[in-house]
Amino acid sequence: MRARRASGGRESDLVRRAGKLRDSVAPLLPERIGPGPWSKFDKRKEELEAVRAARDDENELERLAKRGDPMARALAGMLRFYLEPDLPAMLVARYPSGEIPFAPFGRTTREANVAIQNADDPSRLMIGYLDWARKGFYFFATDRSLFCTGRSPEPPAAFLAAQNAAQPYRLTPTGSGDGFECPHLARKEHRPYLSVEWPAAHREWKVCLACAKHERQLLSTLTSRLAVPKPLREFSVSAHLNVECHGGDSCVHANLPALPRGVRKRYLFGRSSDSEMLDAYVEFLRPRLERTRAPVFVAAGVCYGSDRAKFVEALSPTPEERTALERTLPSVDGLFEVDEPRASRALERLWPQHADEIVGAIVSDPKEAERLVREARAAPGRVSELLARAARRGAEEARRKELPTYEHLAPEAAYVDAVARTFRARGAAAAEKALLERLPREGKERGLAVGLLAALGRLGPHDWQFTDTERTFGAALADLAKGVLSGPASEYHTALDRLLGTAGVVRWGGVDSAEGSGRTEA
């Protein structure tokens, strides 16, 4: 404790409070609930009343301030101060809830002076009863009242209601109403969490690691307004990794150790916060989990043991993601965990060591695969997006390879072939763009363009660009153009030849002999 010089405001405040106690000592006594025993309380009340009866006798108050009940002595000193308001230097008492200034009235304890001088604050009044709590009595303070349940540990309903309103987190009541959970646990998400149980109140509070705060401590908040004989025995604190294990009895998650004694002790004595305690527990488990040699797959708190197929299925992969996972996961040993059940999260974890395998599973061309890996490492992004992009390119390339390639194409044939290949690889919008970009100012290509646009269903916005003759010419080619754009790849050459022949384009080119089908003039 250290001394402080009292201010005029503090002095007048103490005079006001002493004046109230001159009228009644009721504010100094808790509201009693249950069978007691209450003899100690009756005796204290008698001694307090005896002091109040001498409220105008300075000499008697001075005598009473030196003997008897500690709170009666403190009251005598305060009532004597009321008669002669000469305030001594203030002292400061330190408690877990903070510092409390008080005047050293009477030959009594610090706790008694704090309680008497703060009788209008039930939680501070309770400090005057701490020695009784150590002897077996239970006290509970709300903003308005101090309750005592005698030797019964069951808290009063009014206290529980006030405690609900003062919780340090936004917790959701469970179905039974006796438990409280953070939103993540209420949604049945598998996240590490701490649990505080109060058997006497038939209550339990759970807060997950995502919700736990560095500056908050659930236990200290729940116990800040009660005084009980053995606080650390009244509440049970535990931590849980909260993994739903399907890996069997031999899985590393099947028999995890409880919260270590040292970590629990630090938390119980208020030396660590909620998040610090949970972090310490997770770190305590980490070496044990990482020592496992058998592959163990975990997604969003659900353990699939060594069942790789179920793990992959739980990630809801796209076809290309599935291919990449099935290529790379067999090389994984030990614990492999992702915080969300998404294939992209697994691939992001695998990427640093398995980039070449991941891309190689999708892209068959080694040079293209190497280029994509180099591109991704130069500008890191989402692995799944890279795979989707690679898959699209691969599909486009595969569709292009389904068609024959040509050499020495006439301009009209080259125009139609380019648009058709773009449509088959990238769709109507890309084909429309390619058609317009390559459209010449004159020639048969313009009539062919009308036919192609009509086959694509996109002629309307561009109709104004063509003459009546081009529109008439192209309309007659629309059905043949559909065969070139959408017909079977095996019939592409025939469909192209039919379209160009109808358009009056003869000897338009030949199949590239390098494709192995020989040269065919058309």
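Reading guide: rules and limits
- Residues numbered from 1 in each chain as written.
- Predicted model: local features only at pLDDT ≥ 70, side-chain atom pairs only at ≥ 80, totals over all residues.
- Heavy atoms only, no water.
- Phe/Tyr/Trp six-rings, centres within 6.5 Å; stacked < 30°, edge-to-face > 60°.
- Lys NZ or Arg CZ within 6 Å of the ring centre and 35° of its normal.
- Patch = residues over 30% accessible without salt bridge, like charges linked within 9 Å, V, L, I, M, F, W, Y side chains within 5 Å.
- Areas by Shrake-Rupley, 256 points an atom, 1.4 Å probe, with all protein chains shown as cover.
- Salt bridge = Lys/Arg side-chain N within 4 Å of Asp/Glu carboxyl O.
- Lys, Arg positive; Asp, Glu negative; His and termini not counted.
- Charge placed at Lys NZ, Arg CZ, Asp CG, Glu CD.
- Helix = DSSP H or I, 4+ residues; strand = E, 2+ residues; numbered from the N terminus.
- Buried < 20%, exposed > 50% of the residue type's maximum accessible area, 1.4 Å probe, protein only.
- Core = buried A, V, L, I, M, F, W, Y, C linked by side-chain atoms within 4.5 Å.
- Contact = heavy atoms within 4.5 Å.
- Arc of directions from axis to C-beta.
- Axes fitted to C-alpha atoms, helices over the stretch in contact; angles between N-to-C directions.
- Parallel < 35°, antiparallel > 145°, perpendicular 65-115°, else oblique.
- Left-handed = near helix turned anticlockwise from the far one by under 90°.
- Nonpolar A, V, L, I, M, F, W, Y, C, P; charged D, E, K, R; others polar.
- 1 Å grid on protein atoms, 1.4 Å probe; cavity = no way out; pocket = protein on both sides within 12 Å on 5 of 7 lines; lining within 4 Å.
- Points joined across faces, edges and corners; volume = space filled by probe spheres on them.

Draft legend 1. Geometry of the packing of aromatic side chains. Enumeration according to the criterion identifies 20 aromatic pairs in this entry. Through a chain of ring-to-ring contacts, three or more aromatic side chains come together here, namely Trp-38, Phe-41, Tyr-129, Trp-132, Phe-137 and Phe-139. The side chain of Arg-44 reaches across the aromatic face of Trp-132, ending 4.1 Å from its centre.

Draft legend 2. Local environment of a positive patch on the surface. Together, Lys-40, Lys-43, Arg-134, Lys-135 and Arg-151 make up a region of like positive charge exposed at the surface. Mapped onto the elements of the fold, Lys-135 is located in the loop between helix 7 (130-133) and strand 5 (139-141). For Lys-135, a relative accessible area of 54% translates into the label exposed.

Draft legend 3. Here's a closer look at the pattern of salt bridges. Within this structure, the stated rule accounts for 28 salt bridges. For Asp-121, the salt bridge is made with Arg-124, and the minimal N-O distance between the two is 3.9 Å. Since its relative accessible area comes to 26%, Asp-121 is described here as partly exposed. Through salt bridges with shared partners, a single network forms among Asp-13, Arg-16, Arg-17 and Asp-120.

Draft legend 4. Layout of the nonpolar core. The biggest cluster of nonpolar side chains holds 44 residues, and the ones touching the most others in it are Val-196, Trp-198, Trp-205, Leu-218, Tyr-267 and Met-277. For this core, the secondary-structure elements that each account for two or more residues are helix 8 (157-165), strand 9 (193-198), strand 10 (203-208), helix 10 (218-223), strand 12 (236-240), helix 12 (261-268), helix 13 (274-290) and strand 14 (296-299). With 6 residues, the single largest contributor to this core is helix 13. Those residues in contact with Met-277 that sit more than four places away from it in its chain are Leu-194, Val-237, Ser-238, Ala-239, Leu-259, Val-263, Tyr-267 and Ser-272.

Draft legend 5. Fine view of unusual backbone geometry. Of note, the bond from Gly-36 into Pro-37 is cis; its omega dihedral lies within 30 degrees of zero at 10°. Relative to the assigned elements, Pro-37 resides in the loop between strand 2 (31-32) and helix 2 (39-53). Of note, His-202 is a non-glycine position whose phi angle comes to about 55°, a positive value. Secondary-structure assignment places His-202 in the loop between strand 9 and strand 10. The exposed category is assigned to His-202, whose relative accessible area is 53%. In the Ramachandran plot, Arg-507 falls in the positive-phi region, its phi being about 45° despite a non-glycine side chain. The class of Arg-507 is exposed, set by a relative accessible area of 65%.

Draft legend 6. Expanded view of the environment of Lys-230. Its place among the elements puts Lys-230 in the loop between strand 11 (226-227) and helix 11 (231-234). On the basis of relative accessibility, which here comes to 46%, the residue Lys-230 falls in the partly exposed class.

Draft legend 7. Quick look at helix 23 (residues 478-486). Three or more residues of helix 23 are buried, namely Ala-478, Ala-481, Val-484 and Leu-485. Axial view of helix 23: buried residues confined to an arc of 110°, hence all on one face. The exposed set on the far side of helix 23, more than 90 degrees from its buried face, consists of Asp-479 and Ser-486.

Draft legend 8. Representation of the environment of Arg-286. Among the secondary structure elements, Arg-286 is positioned in helix 13. With relative accessibility at 34%, the residue Arg-286 sits in the partly exposed group. When the C-alpha atoms of Arg-286 and Arg-63 are compared, they prove to be 65 Å apart, with 223 residues separating the residues in sequence.

Draft legend 9. The packing of helix 21 (residues 444-456) against helix 23, seen in detail. Direction vectors running N to C along helix 21 and helix 23 enclose 70°, while the axes themselves pass 8 Å from each other. The angle between helix 21 and helix 23 falls in the class roughly perpendicular. In this structure, the crossing between helix 21 and helix 23 has a hand that is right-handed. Contact with helix 21, carried on its side by Gly-451, Leu-452, Ala-454, Ala-455 and Leu-456, involves Ala-478, Ala-481, Lys-482 and Leu-485 of helix 23 and no other residues of that element. Residue composition of the contact of helix 21 with helix 23, grouped by class: 7 nonpolar, 1 polar and 1 charged.

Draft legend 10. Region of the structure containing the layout of surface pockets. Reported here for the largest pocket is a volume of approximately 1100 Å³. Of all the secondary structure elements, the ones that give two or more residues to the lining of the largest pocket are strand 4 (98-102), helix 6 (122-125), helix 7, helix 10, strand 11, helix 11 and helix 12. Of the residues contributing to the lining of the largest pocket, the split by class is 18 nonpolar, 8 polar and 6 charged. By volume, the second largest pocket amounts to about 640 Å³. What lines the second largest pocket is a set of 23 residues, and nearest its centre among them are His-190, Pro-192, Glu-337, Val-338 and Asp-339. If you list the elements that add at least two residues to the lining of the second largest pocket, you get helix 13 and strand 16 (335-338). Broken down by element, the lining of the second largest pocket gets its largest block of residues, 7 residues, from helix 13. Residue composition of the lining of the second largest pocket, by class: 11 nonpolar, 2 polar and 10 charged.

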